[in-house]
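Take a look at the letters that make up each chain.
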Amino acid sequence: MKFTKMQGIGNDYVYVNCLEERVEHPSETAIKVSDRHFGIGSDGLILIKPSEKADFEMEMYNADGSQGAMCGNGIRCVAKYVYDYGLTKKTQISVDTKSGIKYLDLTVKDGKAVEIRVNMGRPILEAEKIPMKYPQSPVIAKPLNVGENIYEVTAVSMGNPHAVVFVEDVQNLDIEKVGPDFEKHQAFPESVNTEFVRVLDRKTVEMRVWERGSGETLACGTGACAVAVACALNGYTEDAVTVKLLGGDLKIAWDREDNLVYMTGPAQVVFDGEIRL
Ligand SMILES: N[C@@H](CCC[C@H](N)C(=O)O)C(=O)O
């Protein structure tokens, strides 16, 4: 199988051009290619497919083979792939995902897409739609017993579910312990991605993420959007923030008038290859 390994601020996936390649068993393939010792090494697998509704379709799988509805860092890499590899000449494209069609603007330098702005759509706050089982909705700074602690959680879906938790110390957090406790928590029937956030000032926050299906990753685009919305809802920041993640920064802006979230960030090719499955 021919593939391209790409990363968006360190959130790395194996990309397959399904206009030319066929992937018969995507879940099993995701598990194999993601393995950092016996595979290519990645946070998951992303298939770039033709679409009747949009310019392209993105299908994403986590490292454990589960399917995700949306991937913010992944969709920027899809945009870079289709432009840089000549699948389109357009600098404004649409990509269909399991959470609807997303619209992207590409900034091009020397014939390559270097930065991509994505209209990530509307944040969903209704607990039932996230989905989260909780006596009240929306869930904004509400207590949740996780493991032996009580955390204040703000729940947001950006096409996929996120639990945003504000903490005092992001760097020394034992994420390997607390991340899985959130991921498997009974309040989240479809599991959850969890962001641990510290507010630095009204325009800047830092976060670490534990992704459902992939564990700790260096960045999560949908997670950064959920964090920006949660920060604004809690009154901690303005509606436009820089989110600092382990792998780099994303600029997120929540346009409250249209209720749309915009994400801007880079995308890079790491290498092209071929793997025997
Ligand atoms: N890293 C991604 C999100 C990937 C999917 C997520 N783990 C899920 O299953 O919901 C991003 O950049 O948004």
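About the cut-offs
- Residues numbered from 1 in each chain as written.
- Predicted model: local features only at pLDDT ≥ 70, side-chain atom pairs only at ≥ 80, totals over all residues.
- Buried ≥ 20, exposed ≤ 12 C-beta atoms within 10 Å, placed from the backbone.
- Helix = DSSP H or I, 4+ residues; strand = E, 2+ residues; numbered from the N terminus.
- Arc of directions from axis to C-beta.
- Contact = placed C-beta atoms within 7 Å.
- UniProt positions renumbered as here; feature names shortened; annotations may be inferred.
- Near = placed C-beta within 6 Å.
- Nonpolar A, V, L, I, M, F, W, Y, C, P; charged D, E, K, R; others polar.
- Domains from an automatic or database assignment.
- Pairing = 2+ DSSP bridges.
- Core = buried A, V, L, I, M, F, W, Y, C linked by C-beta atoms within 7 Å.

(A) Here's a closer look at helix α1 (residues 26–34). Among the residues making up α1, those that are buried are Thr29, Ala30, Val33 and Ser34. End-on view of α1: buried residues confined to an arc of 120°, all on one side of the axis. On its buried side, α1 packs onto β2 (11–17), β3 (44–49) and β4 (56–62).

(B) Summary view of unusual backbone geometry. Backbone torsion omega between Ile130 and Pro131 reads -5°, so that peptide bond is classified as cis. When you line up the elements, Pro131 lands in the loop between β8 (112–119) and β9 (142–146). Note the cis peptide between Ser137 and Pro138, where omega equals 0°. Its location among the elements puts Pro138 in the loop between β8 and β9. For Asp110, which is not glycine, the phi torsion reads 50° and is therefore positive.

(C) Just the UniProt feature "active site" (unreviewed entry) in the chain, in detail. The sites that UniProt annotates as "active site" (unreviewed entry) are Cys71 and Cys220. Across 150 residues, the annotated set stays spatially compact, with a maximum C-alpha separation of 7.6 Å. Locating Cys71 in the fold gives a position in the loop between β5 (67–68) and α2 (72–84). On the basis of neighbour count, Cys71 is assigned to the buried category, with 30 C-beta atoms found within 10 Å. Along the chain, Cys220 falls in the loop between β14 (215–217) and α4 (221–233). Setting aside chain neighbours within four positions, we find Cys220 in contact with Asn11, Gly72, Asn73, Asn193, Val209 and Glu211.

(D) Here's a closer look at the site of the ligand. As a structural note, the neighbourhood of the ligand is formed by 18 residues, with Gly68, Gly72, Asn160, Gly221 and Thr222 the closest of them. Classifying every residue of the shell around the ligand gives two nonpolar, 14 polar and two charged. Residue contributions to the shell around the ligand reach at least three from each of two domains, namely domain 1 (2–119 + 265–274) and domain 2 (127–258).

(E) View of the pairing of strand β1 (residues 2–8). A large share of β1 lies buried, amounting to five of its seven residues. Inspection of the sheet shows β1 paired to strand β18 (residues 268–274) by six bridges, in the antiparallel sense. By the bridge assignment, Met6 is partnered in β18 with Val269. Judged from the five bridges that link them, β1 and β2 form a sheet pairing that is antiparallel. Considered in β2, the bridge of Gln7 is made with Asp12.

(F) Spotlight on the domain arrangement of the chain. For the chain, the domain assignment lists domain 1 (2–119 + 265–274) and domain 2 (127–258). Spacing between the C-alpha centres of domain 1 and domain 2 amounts to 23 Å. Domain 1 puts 20 residues into the contact, and the matching count from domain 2 is 21 residues. Among the residues forming the side of domain 1 that touches domain 2, the class breakdown is five nonpolar, 13 polar and two charged.

(G) Structural view of the nonpolar core. Of all hydrophobic cores here, the largest spans 78 residues; its most connected members are Val78, Ala79, Val227 and Ala228. Here this core gets eight residues from one element, more than from any other, and that element is α4. Contact partners of Val78, with chain neighbours within four places excluded, come to Ile46, Ile48, Phe56, Met58 and Val95.

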